[in-house]
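# Fold and geometry: a report
If you want the building blocks of each chain, they are given just below.
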Amino acid sequence: MGLTIGVDIGGTKIAAGVVDEEGTILETYKVPTPPTADGVTDAICTAVSEVSTHHTIEAVGIGAAGYVDDKRATVLFAPNINWRHEPLKDKVEQRIGLPVVVENDANCAAWGEYRFGAGQGHEDVICITLGTGLGGGIIIGNKLRRGRFGVAAEFGHIRVVPDGLLCGCGSQGCWEQYASGRALVRYAKQRANATPENAAALLALGDGTPDGIEGKHISEAARAGDLVAIDAFRELARWAGAGLADLASLFDPSAFIVGGGVSDEGDLVLDPIRKSFKRWLVGGAWRPHAQVLAAQLGGKAGLVGAADLARQG
């Protein structure tokens, strides 16, 4: 199969890109993300039509944040879009006249990294995305493993603290409440409030109060040596690495790939994640250790992965 289109549905924009068999993006088109479910479907079709004008397209892959059924056709539940059992594949196919594959966005990103990024050369890879929340994907034996009903790898909602912090999913103590961008901001605010004298650089980047701290401030302050910002990253990494150790007990991959916006800080967060993983890996002194690798494709991973999954059929 030749060229395919990948669609990445983001909170503020929808991006469609023409992707070749080598994972290279040849052209992209972006539209703002509408506030309504029907508007999102319209925007997907518009973006696909615009980006395909100068290319012969074989199929389209759509990455959606939510639960996608085992047939890769229906979005069972999307937390940020009012999609409930939404027949997205059928709706888009009828409009654009091309075969469509719908997949969870974290699965798309995982597949993109496995095929064209940090996962190349590995047959068994577990990916996690540390963004606003925590997502993931499972590739075992060179295949994306989606589970019987298509909704596997929702790692962010593994409960790591019984009766812990309330999660947006309605449960308590979910992993993403302790290892995510939201968690990072919470850690920094708590520490800045407790010891403001150690957070001078961090506080100065916002409005001077702990409540004004944002994720971008924490990254900048940590790079400048701010103790509170560095400690916030270490706390996130402690939880992330411990969770990877648990996943190693389940899947025994040769590599973990860490992506998402938080991972953009590189070794600032990855080195302490590796240390935590080593600390909590059961039998770690006697067993092989999976590599913990930084994702390579950045924000392109989901779009590239969706396009390649469409090519796989």
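My aim in this report is to walk through the structure given alongside it, one point at a time. What you are looking at is a predicted structure, and each value in this text was computed from that prediction instead of being measured. (Residues numbered from 1 in each chain as written. Predicted model: local features only at pLDDT ≥ 70, side-chain atom pairs only at ≥ 80, totals over all residues. Heavy atoms only, no water.)

Counting 46 residues, the largest nonpolar core has L130, F155, I218, L244, I273 and F277 as its most contacted members. Only strand 9 (125-130), strand 10 (134-140), helix 4 (181-194), helix 5 (200-205), helix 6 (215-223), helix 7 (227-251), strand 12 (255-259) and helix 8 (267-280) provide two or more residues apiece to this core. Element by element, the count of residues in this core is highest for helix 7, at 13 residues. Apart from residues no more than four positions distant in its own chain, F155 is found in contact with I126, C127, I128, L134, G135, G136, G137, I138, W175, L247 and F251. Counting 31 residues, the second largest nonpolar core, distinct from the first, contains I9, V51, A64 and V68. (Core = buried A, V, L, I, M, F, W, Y, C linked by side-chain atoms within 4.5 Å. Buried < 20%, exposed > 50% of the residue type's maximum accessible area, 1.4 Å probe, protein only. Helix = DSSP H or I, 4+ residues; strand = E, 2+ residues; numbered from the N terminus. Contact = heavy atoms within 4.5 Å.)

With that settled, consider empty space enclosed by the protein. If a probe the size of a water molecule is rolled over the atoms, the empty space left behind becomes visible. According to the stated counting rule, one finds one cavity of 30 Å³ or more in the structure shown. Estimates place the volume of the largest cavity at around 30 Å³. In terms of lining residues, the largest cavity is bounded by G66, Y67, V68, N104, N107, G150, V151, A152 and E154. Taken together, the residues that form the lining of the largest cavity break down as four nonpolar, four polar and one charged. (1 Å grid on protein atoms, 1.4 Å probe; cavity = no way out; pocket = protein on both sides within 12 Å on 5 of 7 lines; lining within 4 Å. Points joined across faces, edges and corners; volume = space filled by probe spheres on them. Nonpolar A, V, L, I, M, F, W, Y, C, P; charged D, E, K, R; others polar.)

Right, let's talk about the side chain of E86 for a bit. Within the secondary structure, E86 sits in strand 7 (residues 83-86). For E86, a relative accessible area of 9% corresponds to the buried category.

Packed helices, taken two at a time, are described by the angle between their axes plus the distance between the axes. Two elements in contact, helix 4 and helix 7, have axes whose closest approach is 9 Å; the angle formed by their N-to-C orientations is 135°. As far as their axial angle goes, helix 7 and helix 4 are oblique. The hand of the helix 4/helix 7 crossing is right-handed. Here L184, Y187, A188, R191 and A192 of helix 4 lie close against helix 7, whose contacting residues are V228, D231, A232, F233, E235, L236 and W239. Partitioning the contact of helix 4 with helix 7 into residue classes produces nine nonpolar, no polar and three charged. (Axes fitted to C-alpha atoms, helices over the stretch in contact; angles between N-to-C directions. Parallel < 35°, antiparallel > 145°, perpendicular 65-115°, else oblique. Left-handed = near helix turned anticlockwise from the far one by under 90°.)

Here we come to the sheet that holds strand 6 (residues 75-78). Taken in spatial order, the three strands make up an open sheet running 5-6-7, and their pairing is antiparallel. Strands with a single pairing partner mark the edges of an open sheet, and in this sheet they are strand 5 (67-68) and strand 7. Two strands pair when backbone bridges link them, and strand 6 and strand 7 are joined in this way by three bridges, in the antiparallel orientation. The partner of A78 across the bridge, within strand 7, is W83. (Pairing = 2+ DSSP bridges.)

Let us now look at helix 7. The first and last C-alpha atoms of helix 7 sit 36 Å apart over 25 residues, in line with the 36 Å expected at 1.5 Å per residue. The distance from a side-chain oxygen at the start of helix 7 to the backbone nitrogen of V228 is 3.1 Å, and the residue carrying that oxygen is D226. Just past helix 7, the residue D252 takes up positive phi, approximately 50°. (Expected span 1.5 Å × (residues − 1). Polar contact = N/O pair within 3.5 Å; in protein donor to acceptor, adjacent residues only side chain to side chain.)

Before going further, it helps to spend a moment on the sheet that holds strand 3 (residues 25-32). What links the strands of a sheet is backbone hydrogen bonding, and the strands pair in either a parallel or an antiparallel sense. The strand order across the open sheet built from five strands is 3-2-1-4-8, with neighbouring strands paired in mixed fashion. The outermost strands of the open sheet, each flanked by one partner alone, are strand 3 and strand 8 (100-104). Geometrically, the sheet is characterised by an average inter-axis angle of 20° between neighbouring strands, direction not taken into account. As judged from the five bridges shared by strand 4 (residues 57-64) and strand 8, these two strands associate in the parallel manner.

Of the positions making up helix 6, those classed as buried are H217, I218, S219, A221 and A222. Tucked inside the fold, the buried residues of helix 6 contact helix 4, helix 5, helix 7 and helix 8. Looking one or two places after helix 6, you find G225, whose phi comes out positive at around 95°.

The next thing to look at is the packing of helix 1 (residues 37-51) against helix 2 (residues 88-96). Packing of helix 1 against helix 2 leaves a shortest axis separation of 10 Å and a crossing angle of 45°. With respect to each other, helix 1 and helix 2 are oriented oblique. In the packing of helix 1 onto helix 2, the handedness of the crossing is right-handed. Counted together, D38, T41, D42, I44, C45 and V48 of helix 1 and L88, K91, V92, R95 and I96 of helix 2 form the full contact between these two elements. For the contact of helix 1 with helix 2, the per-class residue count stands at six nonpolar, one polar and four charged.

Everything listed here is a matter of geometry and, on its own, says nothing about what the molecule does.
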